[in-house]
Every structure is written in C-alpha cells, then in structure tokens.
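Close look at the chain arrangement
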Amino acid sequence: MSIKVKALSKTYGTQKAVDQITFEASPGRILGFLGPNGAGKSTTMKMLTCYLPQTAGEATVCGFNIASQSLEVRKRIGYLPESNPLYQEMYVKEFLYFVAHIYHISNIKERVNEVILATGLVKEQHKKIGELSKGYKQRVGLAQAIIHNPEVLILDEPTSGLDPNQLIEIRKLIKELGKTKTVILSTHIMQEVEAICDDVIIINKGKIVANDSLENLLVKHNEKSLEPIFVKLTKELKVESEM
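Let us look at the structure shown here. (Residues numbered from 1 in each chain as written. Predicted model: local features only at pLDDT ≥ 70, side-chain atom pairs only at ≥ 80, totals over all residues. Heavy atoms only, no water.)

Pairing is mixed in the open sheet, where six strands are placed in the order β6-β7-β8-β3-β9-β10. Of all strands in the sheet, those with a lone pairing partner are β6 (77–80) and β10 (207–213), marking the two edges. Put simply, the sheet's adjacent strands are angled 15° from each other on average, direction ignored. Direction of pairing for strand β3 (residues 30–34) relative to strand β8 (residues 182–186): parallel, over a ladder of four bridges. Among the inter-strand pairings, I30 is bridged to a residue of β8, identified as V183. On the sheet, helix α5 (residues 134–146) packs against β6 and β7 (152–156) and is oriented at approximately 165° with respect to β6. (Pairing = 2+ DSSP bridges. Helix = DSSP H or I, 4+ residues; strand = E, 2+ residues; numbered from the N terminus. Axes fitted to C-alpha atoms, helices over the stretch in contact; angles between N-to-C directions. Contact = heavy atoms within 4.5 Å.)

Listed below in structure tokens is the structure:
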C-alpha cells in the first residue's frame, strides 16, 4: 500500500475536524474521497502531505511516516490543493522550470515539455499565469503536481473551473496516471467519481461513513449512481448527531 492511515485525527480546540479515520490507498487504483463541505477532506489531505501536523494517530506514504519523515514523504507526493496557489507574475513555462529545479529533476527541458503537452498547456506556455482563465490555472496546478513524476498524487478538486472539453481531457489524464500511481481525488462531482474512481471513501463530520470499491458500494445500497448513497449516508450521520 502506498498510503496507510491509522486512527488519524486533527482537533482544533474542542472541534474534531478529523476523527480517528483509518484507510489505505494502493497503486493502480484511484480513490475518490468524498464529503460535504467541512467534512474533513482537505484537512486529511493536508495532513497526508505534511502541511498540517496530526493531533493523534499515524500515517505513512510509501513507507515513510508523515510526522518523522516528512521530507521523504514530500518527495514522493504530487499535491494539487483546493486553493491552487500560483505565482501570478511568472510565465507558465518559467514556473514549471522553477518547480522542476526545486525537485532537482535532471532532464528538466524534456520533462517540462512532456508535462506541458500532457496537461494541454502548449498554447499557454508563454503566457503569464495571472493572464490565464481559471481552467488553465487549474491545469498549471496539475502540471506542477506531476512534474517530478511522483508515486502518489493527492488532488483536491482538480477539475474545478474546467469547461466540458477540458474536463474530459483532464479526467483522461488522471485516469492514465492512476494506472501506475496511487491517486486520491477529492471532488463534489459524483459523476466524476463514477467516471474515473475505483474506490470510494465518504467522510462526514470527520468520520468515515463508507469505504469500499465503487462497484461494491452501488451493489450494497442497490443504487445505480453514487449520489443517493452519498446523500443517505451524510444525512443519516447528521440526524444521529442531532439526537
């Protein structure tokens, strides 16, 4: 398993943002990480990428502990955060060269050109990032996440702002990457999960309420799509917590 999470928690004062979650993610399978706003998705991803320290529990990425071996973890992860912070005044190609240098990539020119082609940024590569549409900025964020050919990809809302044609292309790219890498994909779009994910985790109020293959989840709940399952599981926990 590329990612192993055991009883991982994050607490802010008395609020439990993530409450003792346990799961695993494997190479060659794309894991859809779903939940309502404020459920703990982004917090979990930030802990796995070493942006936030956990309050309790543990996790390993490619065998390295997120708390004690954070530099080794970061080398092996490509991360696209929900906010997608970029240097607006840099040119696209310049920015990707900059990121490639950070990772000490040896064949920089070749790798930058490969990533630009893969993410559909050929026509935009000589533009300033600040001049790009939201969809193309999202592509730049994805490009920087895969530039060092990481073993693990953690993508928080990767298709946000894309038009239908761009969305199809990026989904195809993520699915291709998922054949050899461990991919965790957070999204609010149920159809996206059904189109590209093999496994599904649903988290609500910091707790995992479903963890199974997409196929098994649909069979267990006797549903043809994921949306009614998501609504049912997240509503059930909400009702229980209010009793």
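In this section: the pairing of strand β2 (residues 15–25). Relative to β2, strand β1 (residues 3–12) runs antiparallel, the two sharing seven bridges. Residue pairing in the sheet places T11 in a bridge with K16 of β2. In sequence, β1 turns back onto β2 through a hairpin of two residues, with G13 there showing a positive phi of about 65°.

It is worth stressing that arrangement in space is one thing and function is another; only the former is reported here.
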